[in-house]
Amino acid sequence: QVQLVESGGGVVQAGVSLTLSCAASGRIISDYRLGWFRQAPGKDREFVASTRTGATAAYAESVRGRFIISRDNAKNTVFLQMNSLKPEDTGVYYCAAKYSVGGNYDFWGQGTQVTVSS
């Protein structure tokens with residue numbers, strides 16, 4: 001089992017930056033794909049970004065060029081640096097992990113709220 005705990009959410013104004021962290025425990029996650037997802041009020045959860053060691057990171061079109069996903073395998077942690085935040089970035093941000101190349105994510109955090117005011 002992998003336990004994931006997100007942190008770093010908050011209420012910010014549009015245009016600023018915010019960095020989320022996700023600390024993993026239970027297993028060494030260096031070989032896992034780690035992803036960030038978000039869910040806005042009244043909407044389905046959507047993919048934001050993902051990273052796998054040695055591979056190019058993937059981003060949703062809505063955040064490409066503004067968000068940066070990174071990982072510190074020594075600390076079992078993944079980060080999401082969010083720049084130029086917009087009100088439409090508001091939502092609960094979830095960290096997730098999976099070992100397999102395909103398929104669904106197996107492990108999820110509890111989420112952290114990000115609210116961007118205009």
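Structural data are supplied above this passage.
Residues numbered from 1 in each chain as written. Predicted model: local features only at pLDDT ≥ 70, side-chain atom pairs only at ≥ 80, totals over all residues. Heavy atoms only, no water.

A. Representation of the packing of aromatic side chains within the structure. Counted according to the given criterion, the structure contains five aromatic pairs. An angle of 55 degrees between the planes, with centres 4.9 Å apart, marks the rings of F37 and W108 as tilted. Here the residue F37 occupies a position in strand β4 (residues 33-39), and W108 occupies one in strand β10 (residues 107-108), the gap between them amounting to 71 residues. With relative accessibility at 32%, the residue W108 sits in the partly exposed group. An aromatic cluster is defined as three or more aromatic residues linked by ring pairs; in this entry it consists of F37, F47, Y105 and W108. (Phe/Tyr/Trp six-rings, centres within 6.5 Å; stacked < 30°, edge-to-face > 60°. Helix = DSSP H or I, 4+ residues; strand = E, 2+ residues; numbered from the N terminus. Buried < 20%, exposed > 50% of the residue type's maximum accessible area, 1.4 Å probe, protein only.)

B. Spotlight on the sheet that holds strand β8 (residues 77-82). In spatial order, the strands read β1-β3-β8-β7; together these four strands make up an open sheet with antiparallel pairing. At either end of the open sheet lies a strand with only one pairing partner, and these are β1 (3-7) and β7 (67-72). Looking at each pair of strands side by side, their axes are set apart by 15 degrees on average, direction ignored. (Pairing = 2+ DSSP bridges. Axes fitted to C-alpha atoms, helices over the stretch in contact; angles between N-to-C directions.)

C. Highlighting the environment of R45. For R45, the position within the fold is in the loop between β4 and β5 (46-51). Each C-alpha atom, one on R45 and one on Y93, is 9.0 Å from the other, the two residues being 48 residues apart in sequence. Sequence-distant contacts of R45, defined by excluding residues within four places in its chain, comprise F37, R38, Q39, Y94 and W108. (Contact = heavy atoms within 4.5 Å.)

D. Region of the structure containing the state of the cysteines. Summed over all chains, the structure comprises one disulfide. Covalently, C22 is tied to C95 through a disulfide, its sulfur atoms 2.2 Å apart. On the S-S bond that ties C22 to C95, the torsion sits near -80 degrees, and the link is left-handed. Taken together, the residues span a long stretch of sequence, with C22 in strand β3 (residues 18-25) and C95 in strand β9 (residues 91-98) at a distance of 73 residues. (Disulfide = S-S within 2.5 Å.)

E. Representation of the pattern of salt bridges in the model. Taken as a whole and assessed by the stated rule, the structure comprises four salt bridges. Salt-bridge contacts for D89 lead to R38; the nearest nitrogen and oxygen are separated by 2.9 Å. Linking D89 in the loop between β8 and β9 with R38 in strand β4, this pair joins segments that are 51 residues apart in sequence. With relative accessibility at 0%, the residue D89 sits in the buried group. Judged by relative accessible area, R38 falls into the buried class, the value being 5%. Linked through salt bridges whose partners overlap, the residues forming this network are R38, E46, R66 and D89. (Salt bridge = Lys/Arg side-chain N within 4 Å of Asp/Glu carboxyl O.)

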